[in-house]
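These are the residues of each chain, in order.
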Amino acid sequence: MRISLNWLREIVDITMTPEELAHTLTMAGFEVEEIEDRRTWADGVVIGKVLECQRHPNADKLSVTKVDIGKGEPLNIVCGAPNVRADIYVAVATVGTYLPKIDVKIRAANLRGVRSEGMICSLAELGLSKESAGIHIFDEVGAHSRAPLQLGDDVRPLLGLDDTILDLTATANRADALCMVGIAREVAALTGATLRLPQPDTLSIPTTEGLAISVLQPQACPAYIGTVIEGIKIAPSPEWLQQRLQAAGMRPINNVVDATNYIMLEWGQPLHAFDRDSLCRDVTCNVSTITIGVRFAESGESLKTLDGQSRNLTSQTLLITANDRPVALAGVMGGEATEVGDTTQNLLLEAALFDSVAIRRSARSLGLRTEASARYERGVNYAELELACRRAISLIQQIAGGTAVSQQIADRRPDMGTLSRSIQLRLDRVNQILGLVDLGDTDGELQPDEMQQILTALGCQVTPDAEKERVWIVTVPPYRYRDLEREIDLIEEIARVYGYDKFCTTLPEATEFGFLSVEQQLTRQIREAMRAAGLTELMHYSLVKPGEDRQVVLANPLFAEYAALRTDLIAGLVDAFQYNLEQGNGALNGFEIGRIFTQDEAGIDEMEAIGGILGGDPTQGKWVSAGRDRPMSWYEAKGILDSVFQRLGLLIEYQPSRQDTRLHPGRTASLWLQGNRLGVFGQLHPQLRQERGLPDEVYVFQLDLDLLFDALDVEEMLVPRFKPYSTYPAADRDIAFFAPVDVSVAELERAIAHAGGQLLESVELFDEYRGQGVPTGQRSLAFRLVYRASDRTLTDAEVEPVHQKVRESLVEKFSLNLRS
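What you see is a predicted model; the values in this text were computed from it and never measured.

Cut-offs used in this document
- Residues numbered from 1 in each chain as written.
- Predicted model: local features only at pLDDT ≥ 70, side-chain atom pairs only at ≥ 80, totals over all residues.
- Heavy atoms only, no water.
- Helix = DSSP H or I, 4+ residues; strand = E, 2+ residues; numbered from the N terminus.
- Buried < 20%, exposed > 50% of the residue type's maximum accessible area, 1.4 Å probe, protein only.
- Contact = heavy atoms within 4.5 Å.
- Areas by Shrake-Rupley, 256 points an atom, 1.4 Å probe, with all protein chains shown as cover.
- Lys, Arg positive; Asp, Glu negative; His and termini not counted.
- Charge placed at Lys NZ, Arg CZ, Asp CG, Glu CD.
- Pairing = 2+ DSSP bridges.
- Axes fitted to C-alpha atoms, helices over the stretch in contact; angles between N-to-C directions.
- Parallel < 35°, antiparallel > 145°, perpendicular 65-115°, else oblique.
- Left-handed = near helix turned anticlockwise from the far one by under 90°.
- Nonpolar A, V, L, I, M, F, W, Y, C, P; charged D, E, K, R; others polar.

## Let's talk about the overall build of the chain
Step number 1: Of the regular secondary structure elements, the chain holds 20 helices and 43 strands.
Step number 2: A principal-axis box enclosing the C-alpha atoms of the chain has dimensions of 125 × 85 × 80 Å.
Step number 3: For the chain, with 820 residues in total, the buried portion stands at 48%.
Step number 4: Excluding contacts between residues fewer than 6 apart, the proportion of contacts in the chain whose partners are at least 24 apart in sequence is 67%.
Step number 5: Accessible area of the chain: about 42,700 Å², with a carbon and sulfur share of 47%.
Step number 6: Between the centroid of the 81 positive side chains of the chain and the centroid of its 116 negative side chains there is a distance of 4 Å.

## Points about the sheet that holds strand β32 (residues 552–553)
Step number 1: Taken together, the three strands give an open sheet; going across it, the order is β31-β33-β32, and neighbouring strands pair in antiparallel fashion. Every interior strand has two partners, whereas the edge strands, β31 (543–544) and β32, have only one.
Step number 2: For β32 and strand β33 (residues 564–565), the ladder comprises two bridges, and the chain directions are antiparallel. Paired with Val552 across the bridge in β33 is Leu565.

## Looking at the environment of Pro695
Step number 1: Tracing the sequence through the fold places Pro695 in the loop between α16 (686–692) and β39 (699–704).
Step number 2: Note on Pro695: relative accessible area 30%, which makes it partly exposed.
Step number 3: In the structure, Pro695 is positioned 138 residues away from Pro557 in sequence and 35 Å away in space, judged by C-alpha atoms.
Step number 4: For Pro695, the contacting residues outside a window of four places in its chain are Phe577, Leu581 and Arg689.

## As for the sheet that holds strand β25 (residues 422–426)
Step number 1: Across the sheet, which stays open at both edges, the three strands sit in the order β25-β29-β28 with antiparallel pairing between neighbours. Of all the strands in the sheet, just β25 and β28 (461–464) have a single pairing partner and so form its edges. Strand-to-strand, the axes of this sheet are offset by a mean angle of 30°, without reference to chain direction.
Step number 2: Summarising the sheet, β28 and strand β29 (residues 471–475) pair through four bridges and their orientation is antiparallel. Within β29, the residue paired with Pro464 across the bridge is Trp472.
Step number 3: In the packing of helix α10 (residues 427–434) onto the sheet, the strands contacted are β25 and β29, and the crossing angle to β25 comes to about 65°.

## With respect to the packing of helix α7 (residues 356–366) against helix α8 (residues 371–378)
Step number 1: Following both chains from N to C, one finds α7 and α8 inclined at 140°, their axes separated by 7 Å at the closest point. Taken together, α7 and α8 sit at an angle that is classed as oblique. In the packing of α7 onto α8, the handedness of the crossing is left-handed. Contact residues: α7 offers Ser356, Ile359, Arg360 and Ala363, while α8 offers Ser373, Tyr376 and Glu377.
Step number 2: Here the contact of α7 with α8 is built from residues that sort into three nonpolar, two polar and two charged.

## Re unusual backbone geometry
Step number 1: The phi angle at Asp103 is positive, at roughly 55°, despite the residue not being glycine.
Step number 2: Along the polypeptide, Asp103 turns up in the loop between β7 (98–99) and β8 (104–105).
Step number 3: Accessibility expressed as a relative area gives 57% for Asp103, which makes it exposed.
Step number 4: Phi at Arg470 is positive, roughly 55°, even though this residue is not glycine.
Step number 5: Mapped onto the elements, Arg470 comes out in the loop between β28 and β29.
Step number 6: With a relative accessible area of 41%, Arg470 lands in the partly exposed category.

In structure tokens form, the structure reads like this:
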């Protein structure tokens, strides 16, 4: 919000410089983003009178003028404005003046052979407008005092350039600070200055039968005041009013609209003026009676708003109607058909309270945000509606004439006494929360009289609790009803007004070095292993399209494409693979670490997972394949994953799986770690690959990251220990047999390791064959077993019994047919 210091000084006594006030407000929670010192815009610009004006002898579009600035001989000034003429009062920038808005320093110069000793200024050159058709011409009487203009006087007071603007931001909970009165109250509390709130005139307005109020949605519109003002005269606003609106960043329109905007800026209460006669231009309307209604829009209704756009309304749009015909968007923007214009003679002035939620939904449904809706969305003060209304009526009658002939009120507000609350404040609790304050030579606690003085300055009533010592009962003023609800809110106000910088800072006696948690260390270790295997890390949104089973669907999504939480990582990885192919980037080998979410009868489950996708050619050079990519085989993809597990020191078992319909039923395995299901690895189903246009060999995996953490979070894994290796040679033995195809290699390896005991160092499958010579339903497998001892060279007499035990164990457990 833009705050004019000249306007603010009329409400509260300020002795601070703009910089000091900006610092005070910023430290109190109102961040001042910019200080706009308008006094520098026209420093050295004075009032002058054009005595003579003649055409330039050497230029058709230039004029040569004689300008009297009340000091010595008239100045000879060459001017190019089309509206320059004799006997007008103008703003003259003398030689040596710097105009920062156009970055020009005035110097005497010869223009087309004629000497020019200054410049006659337009409003654009003084920073008051973006464009100007010509120079600015003053009336012959002053804008404020109505006294005759004095040649040579500073033009800044006449143009409102003797002012400084503070552009500040109020926090969302401080709706009361979105107006000059609210900021004035804050300044008075922070500085102890005297507050002089503008008081409206006492009005006596009759209640006639020509106006009726019908509020069908009392919850959305707790109060509505309609006032008919007749006999007004539309004209430009007085200079002082236009200058204040411009300082606040608003464009002057006419005296009536400007008056409503002025009161909104002053009291924070949005108002709207209708052309009363336009409300009754519908042929179905009885001119003698207008019924102003408040309701939600119906399907198919539309309204052309003041910005000239025709808007299709929704059921969430709150409307103002005249005899049930939409005429305005309640609390947001008026309608074009009832706009106050040059021909308006009679007004209907609206002063209303609207529910913040209703206005927020209404404005969002139409994509509109205005000064009025911004205030209603945060919450308008319920207690000062009538005050702002009377102030607006008085101001309109003052600058536009007219007489208030009728007023109707529909009021469903709760009793005014309920708009205040009493909060118990414990002095000991205040000092416990805020700590010690810096008293100069020593530290101490806040004193009770200081706290009471602060709360009183904020408009609270403070009375001691009759039953408890060092306890106060604080009654909150109505305009702070929305944000002062609890004891901690009062404590925050005390700290804010007293000054956060005045409290002592206490640092810990000793600081500790930062460190990574175990999960962070392990995540980095896993990420390093994945990258070492040649995989690129990917990142996707956790939000996906809805439509899958067990999805968690958002109640209020930003976009329909991101309306649910993902249930796995595989879907996003497949999309990324397809996107890279379509963009000509080739196949993608990547992994992702992220959260997945599922929902069932027990509630919502959230877990960490790691997924990956493989399908690119693993070879670097392509001399053998004539430059063509070679598809990755199932065993190569599994080898990449195994290399990751080997780097992490994990022993993983693979078991056949057909649970995921997106994966090939004969080329999918479930992964098991220490008897727990770790995840899944497999080739994409041919049908899915065909639908997506993917290569034939694409493999995906998804692992439970929490299970990996549990397996890696052991001392041996976190701190690897050196184990001495054997210097003695190994003894190799091969074993081959026919095994049923439904017996997995993992089961066979587990049985071999169990039977081999401590002498068995490793087991490796090196051959598989199916075809001629192999019984139906079986396959030929060959394993190489390596035996080794750490303290001696094994002899055949030691190895053969162990190897025979392995053979017998396999035959006994799986009924195998040994081939060797």
